[in-house]
Amino acid sequence: MAVTRTGSRRRGRDESSTRVRVSRVERGDLWVRVSTIGTTGERPFVLVPGIGVSSDYFERLAPNLNAFGPVHALDLPGFAGVTHPRKALTIRQFADLVGAAIDDLGLKDPIVVGHSMGTQIVTDLAARRPELSTLVLIGPVVNPAERRVTVAARRFLQAAWHEPGRVKVLALRAYLVCGVHWFSQVLPKMMTYPIEQQLPKVRAHTLVIRGEHDAVAPRSWVEQIGRLVPSSRLWEMPGAAHSVMHAHAEEVARLCVEHAEQPPRPGEGGELQHYADAGDGTERGEFDFTPQEAAQAVLATVREGVAIARGDDAAIGEAKSEHAEAMLAAHDRAERRRADEQSEEAQSDEEARADDEDDAAADDASRTGRTERDGRTTAS
């Protein structure tokens with residue numbers, strides 16, 4: 001069933017939505033980097049990325065969610081320059097660290113969002129924390145029918161073909177920072193984690209989102225999740241792949257907010273709904289950078305990398321903020337351009353209709369005049 005979403009009750013964007021504050025949550029030798037935007041709102045969000053990647057995967061989703069509440073995006077041990085532990089962590093250990101972040105940040109019933117391996121982490125946490133009422137799983141893994149590394153790699157490549165260029169750049173950069181050794185240590189933990197056994201224990205209202213071209217999270221697997229979770233709703237985004245929350249950030253944010261505001265109806269998880277009128281997922285035309293903004297974004301990325309290497313959280317936050325400001329300015333300019341083009345097109349259509357009406361009126365007058373002349377001629 002295709003459904004057009006018309007939006008929900010939301011605040012305007014928080015004035016601090018481009019100001020990123022970076023902090024740490026520590027538990028013994030382990031720590032998590034937390035990037036936070038926004039200070040006000042109805043409920044906070046906690047975003048957990050997948051294997052190998054960083055919180056930058058949420059760079060477009062986070063500002064859209066921030067129109068509803070503060071957003072805390074996490075970088076987990078071993079990823080995004082966070083110190084590598086001595087040995088690979090299990091999904092349960094990652095989940096405990098996310099729980100520690102929620103506790104240390106003083107968050108009350110946040111909306112917890114996981115992507116890819118992050119869905120395993122947040123599921124494990126929610127299964128043990130019944131006080132968490134709202135869960136979002138984006139591109140959930142691993143499909144139990146395909147729990148083999150070779151198959152998973154093939155599915156990932158199939159999905160990656162449909163990802164926008166920016167996502168591919170983010171992924172390559174993140175995997176280089178993570179390193180092959182740590183990735184290969186964590187991968188078996190992800191592949192063997194039995195998420196299907198934990199899903200029935202989740203009492204949180206659960207939103208599951210997949211992209212149309214997401215071979216990693218196929219439709220049949222998402223539908224199975226809907227049957228396993230006691231309270232769920234399922235959505236598929238046309239034109240999207242595994243990282244559906246990037247090119248379709250506005251649509252995914254809208255689904256998350258609506259889900260938080262209105263829990264699923266009983267049995268709603270039995271139907272996979274299709275989001276109508278979504279973008280094509282290419283991100284073409286989404287940004288209109290000036291040369292200065294393009295340079296600012298690139299330099300900010302470089303400065304962030306240097307700050308990560310130095311372990312300077314304040315500098316990381318400053319670099320992320322500069323990058324966010326450039327991205328927002330370019331996005332807003334593109335939005336204004338599209339609005340102007342639509343306005344001009346509507347005005348052109350209106351003028352064309354007016355011309356057609358004038359021509360039709362002239363034709364009517366001409367026909368009326370001929371009829372009157374013909375009538376006089378006949379009378380004579």
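Coordinates for the structure precede this section.
What counts and how
Residues numbered from 1 in each chain as written. Predicted model: local features only at pLDDT ≥ 70, side-chain atom pairs only at ≥ 80, totals over all residues. Heavy atoms only, no water. Helix = DSSP H or I, 4+ residues; strand = E, 2+ residues; numbered from the N terminus. Contact = heavy atoms within 4.5 Å. Axes fitted to C-alpha atoms, helices over the stretch in contact; angles between N-to-C directions. Parallel < 35°, antiparallel > 145°, perpendicular 65-115°, else oblique. Left-handed = near helix turned anticlockwise from the far one by under 90°. Nonpolar A, V, L, I, M, F, W, Y, C, P; charged D, E, K, R; others polar. Phe/Tyr/Trp six-rings, centres within 6.5 Å; stacked < 30°, edge-to-face > 60°. Buried < 20%, exposed > 50% of the residue type's maximum accessible area, 1.4 Å probe, protein only. Lys NZ or Arg CZ within 6 Å of the ring centre and 35° of its normal. Core = buried A, V, L, I, M, F, W, Y, C linked by side-chain atoms within 4.5 Å. Expected span 1.5 Å × (residues − 1). Arc of directions from axis to C-beta. Salt bridge = Lys/Arg side-chain N within 4 Å of Asp/Glu carboxyl O. Patch = residues over 30% accessible without salt bridge, like charges linked within 9 Å, V, L, I, M, F, W, Y side chains within 5 Å. Areas by Shrake-Rupley, 256 points an atom, 1.4 Å probe, with all protein chains shown as cover. Lys, Arg positive; Asp, Glu negative; His and termini not counted. Charge placed at Lys NZ, Arg CZ, Asp CG, Glu CD.

**A few points about the overall build of the protein**
Regarding its fold elements, the protein presents 12 helices and 10 strands. Sequence separation of at least 24 residues holds for 80% of the intrachain contacts in the protein that already meet a minimum separation of 6.

**Overview of the environment of I37**
Tracing the backbone shows I37 in strand β3 (residues 30–37). Between the C-alpha atom of I37 and that of S321, which follows or precedes it by 284 residues, the distance is 9.3 Å.

**Focus on unusual backbone geometry**
A cis amide bond links V141 with the next residue in sequence, V142, at an omega value of -5 degrees. Secondary-structure assignment places V142 in the loop between β7 (134–138) and α4 (149–160). The phi torsion at S116 lies on the positive side, around 55 degrees, for a residue other than glycine. As for its placement among the helices and strands, S116 is situated in the loop between β6 (111–115) and α3 (117–128).

**Notes on the packing of helix α2 (residues 91–104) against α3**
The N-to-C vectors of α2 and α3 enclose an angle of 70 degrees; their axes lie 8 Å apart at closest approach. One finds that α2 runs roughly perpendicular with respect to α3. The chirality of how α2 crosses α3 is right-handed. The residues of α3 that touch α2, namely those facing I91, R92, F94, A95, D96, V98, G99 and I102, are M117, Q120, I121, D124, L125 and R128. Class assignment of the residues belonging to the contact of α2 with α3 gives a composition of 8 nonpolar, 2 polar and 4 charged.

**A closer look at the packing of aromatic side chains**
Under the counting rule described, the total for this entry stands at 5 aromatic pairs. Pairing F45 with F68 gives two aromatic rings, centres 6.1 Å apart and planes at 65 degrees, and the pair type is edge-to-face. Of this pair, F45 sits in strand β4 (residues 45–48) while F68 sits in the loop between α1 (61–65) and β5 (71–75), and the two are 23 residues apart along the sequence. Across the pair, exposure class does not vary: F45 and F68 are buried alike. Consider the rings of Y175 and F183, whose centres lie 5.6 Å apart with planes at 80 degrees: the pair is edge-to-face. Ring pairing ties together the aromatic residues F79, F94 and W182, which thus form one cluster. The ring of W31 carries the charged tip of R24 above its face, separated from the ring centre by 3.8 Å.

**Some words on the nonpolar core**
The biggest cluster of nonpolar side chains holds 53 residues, and the ones touching the most others in it are F79, V98, M117 and I121. At the level of elements, β3, β4, α2, α3, β7, α6 (180–192) and α8 (219–228) are the ones that each hand at least two residues to this core. Setting aside residues no more than four positions away along its own chain, F79 makes contact with I51, G52, V53, F94, M117, C178, W182 and V186. Counting residues in each nonpolar core, the second largest holds 39 residues, with V22, F68, V71 and L170 among its members.

**A look at the side chain of H242**
Checked against the element boundaries, H242 lands in the loop between β9 (232–237) and α9 (244–247). Those residues in contact with H242 that sit more than four places away from it in its chain are H115, S116, G139, V141, A159, E163, D214 and V216.

**Regarding α4**
Spanning 12 residues, α4 covers 16 Å between terminal C-alpha atoms, matching the ideal 16 Å at 1.5 Å per step. Every buried residue of α4 is accounted for by V151, R155 and A159. For α4, the buried positions fall inside an angular range of 70 degrees around the axis, keeping them on one side. Among the exposed residues of α4, those pointing more than 90 degrees away from its buried face are T150 and L157.

**Remarks on the pattern of salt bridges**
In total, this model carries 24 salt bridges according to the counting rule given. With a closest N to O distance of 2.9 Å, K320 and D56 form a salt bridge. Highlighted residues: K320 in helix α12 (residues 313–379) and D56 in the loop between β4 and α1, separated in sequence by 264 residues. The two residues K320 and D56 agree in class, both being buried.

**Side note on α3**
For α3, spanning 12 residues, the distance from its first C-alpha to its last is 18 Å, which sits close to the expected 16 Å at 1.5 Å a residue. Regarding α3, the residues found buried are M117, G118, T119, Q120, I121, V122, T123, D124, L125, A126 and A127. Each element contacted by the buried residues of α3 is listed here: β4, α2, β6, β7, α6 and α7 (195–198).

**A word on the environment of A315**
Topologically, A315 is positioned in helix α12. On a C-alpha basis, the gap between A315 and R21 in space is 9.8 Å, while along the polypeptide they are 294 residues apart.

**A short note on the side chain of S54**
In this fold, S54 is placed in the loop between β4 and α1. Contact partners of S54, with chain neighbours within four places excluded, come to P49, D75, A80 and A174.

**What about the environment of C178?**
If you trace the backbone, C178 turns up in helix α5 (residues 165–178). It is 6.9 Å that separates the C-alpha atoms of C178 and G81, two residues lying 97 residues apart in sequence. Not counting residues within four places of it along the chain, the set of residues in contact with C178 comprises G52, G78, F79, H84 and F183.

**Topic: a negative patch on the surface**
On the surface, a cluster of negative charge is made up of E351, D355, D356 and E357. Mapped onto the elements of the fold, D356 is located in helix α12.

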